[in-house]
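Below, each chain spelled out in residue letters.
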Amino acid sequence: LQTLQTGGTALILPTTIGPADVPGLIAMNGITWMFLTPFHMRKLLHQFANADRPVLQQLRQLVVASSVLTADERTAARRRLSPNLVEQYGTALGGLHSVSFPADLLIAPDSVGRIVVGAEAEIVAKEDRPVPAGTIGEIRLRGPGYASAYYKDAEASARTFRNAPATIRRRRTR
């Protein structure tokens, strides 16, 4: 949708298109922005495992979103697909939480990126206590557009949306 909002053209490829066909279709149609799920990105990485330069180099942005990539996958995608990799991370309940741009990925290849504007994140232990920097824990998110409860499910809401008055809207995720 954001492609159309900025005056771009959306091209939805038929399911009969294989990974080997993608670079030609991008070049033929003048595509400059592409969105992939990690599953589809991995298919392209497998197809172009021996590429000595990025096969989608003309893309201004190759956006991969929905679940976290490993540092090795990010490096491989920049090397074999496009140096203009942008990773977006979020959840179904909270939407987009963080974004990694090409420069971010070079500086911090293990990171899921920077928290999006208007959101807050905190790492906590299971008891909801904040943990020191570098400690593994659960992510507690807060922002104006985040859910504050499950629809008609008070029990699940109490487990998931701890310490969450409606005005704060905190969501726990792993």
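Chains are numbered independently. Their residues run from 1 in the order of the written sequence. Only residues with pLDDT of at least 70 are given local features in this predicted model, and only at 80 or more are side-chain atom pairs given and counted; all residues enter the totals for whole chains, interfaces and linings. Where side-chain values are given, they derive from all heavy atoms of the structure, hydrogens and water being excluded.

## Quick look at the overall build of the protein chain
- Within the protein chain, the regular secondary structure consists of six helices and eight strands.
- Elements are defined by DSSP. Helices are runs of H or I of four residues or more, strands are runs of E of two residues or more, and each kind is numbered from the N terminus. Scanning the protein chain from its N terminus toward the C terminus, one meets helices and strands in the order α-α-β-α-β-α-β-β-α-β-β-β-α-β.
- Taking all 174 residues of the protein chain together, the buried fraction comes to 36%.
- Any two residues whose heavy atoms approach within 4.5 Å are treated as being in contact. Taking contacts inside the protein chain between residues at least 6 apart in sequence as the whole, the part at least 24 apart equals 52%. Exposure classes here rest on a 1.4 Å probe applied to the protein chains alone. A residue is buried below 20% of its type maximum, exposed above 50%, and partly exposed in between.

## Quick notes on the side chain of Ser 100
- Structurally, Ser 100 can be placed in strand β4 (residues 95-100).
- Classification of Ser 100 as buried rests on a relative accessible area of 1%.
- Distance and chemistry together define a polar contact, namely a pair of N or O atoms within 3.5 Å, with one atom able to donate a hydrogen and the other to accept it when in protein, and with adjacent residues in sequence counting only for side-chain atoms on both sides. At a separation of 3.1 Å, a polar atom in the side chain of Ser 100 contacts the main-chain amide nitrogen of Gly 113.
- If we skip the residues at most four places from it in the chain, Ser 100 touches Leu 85, Val 86, Glu 87, Leu 105, Ser 111, Val 112 and Gly 113.

## What about the nonpolar core?
- Side-chain atoms within 4.5 Å link the members of a nonpolar core, which is a set of buried Ala, Val, Leu, Ile, Met, Phe, Trp, Tyr and Cys residues. In this structure, Met 34, Met 41, Leu 56, Leu 62 and Leu 81 are the most contacted members of the largest nonpolar core, which totals 20 residues.
- For this core, the secondary structure elements donating two or more residues are α2 (22-29), β1 (33-36), α3 (38-47), β2 (61-65) and α4 (71-80).
- Per-element tally for this core: the top contributor is α3, with three residues.
- With near-sequence residues (within four places) excluded, Met 41 lies in contact with Leu 36, Val 64, Leu 69, Glu 73, Ala 77 and Leu 81.

## Considerations on the confidence of the model for the protein chain
- Along the chain, pLDDT gives the predictor's confidence residue by residue, from 0 to 100. Of the residues in the protein chain, 88% have a pLDDT of 70 or more, and the chain-wide mean is 82.
- Per-element confidence in the protein chain ranges from a low mean pLDDT of 45 for strand β8 (residues 170-173) to a high of 95 for α3.
- Confidence drops under pLDDT 50 across residues 164-174; counting only partners more than four residues distant or on other chains, this segment forms 42 contacts.

## A closer look at the environment of Arg 129
- When you line up the elements, Arg 129 lands in the loop between β6 (120-124) and β7 (138-142).
- In this structure Arg 129 touches Ile 123 and Val 124, once residues within four positions along its chain are discounted.

## Let's talk about the pattern of salt bridges
- In what follows, salt bridge is the name for a side-chain nitrogen of Lys or Arg lying within 4 Å of a carboxyl oxygen of Asp or Glu. Counted by the stated rule, this structure contains three salt bridges.
- Put simply, Arg 42 and Glu 73 hold a salt bridge, and the shortest N to O gap is 2.4 Å. Of this pair, Arg 42 sits in helix α3 while Glu 73 sits in helix α4, and the two are 31 residues apart along the sequence.
- With relative accessibility at 16%, the residue Glu 73 sits in the buried group.

## Observations concerning α3
- Listed in full, the buried residues belonging to α3 are Pro 38, Met 41, Leu 44 and Leu 45. Projection of α3 onto a plane perpendicular to its axis shows the buried side chains occupying an angular sector of 120°, all on one side.
- Lining the buried residues of α3 we find α2, β1, β2 and α4. As used here, the arc belongs to the directions running from the helix axis to the C-beta atoms.

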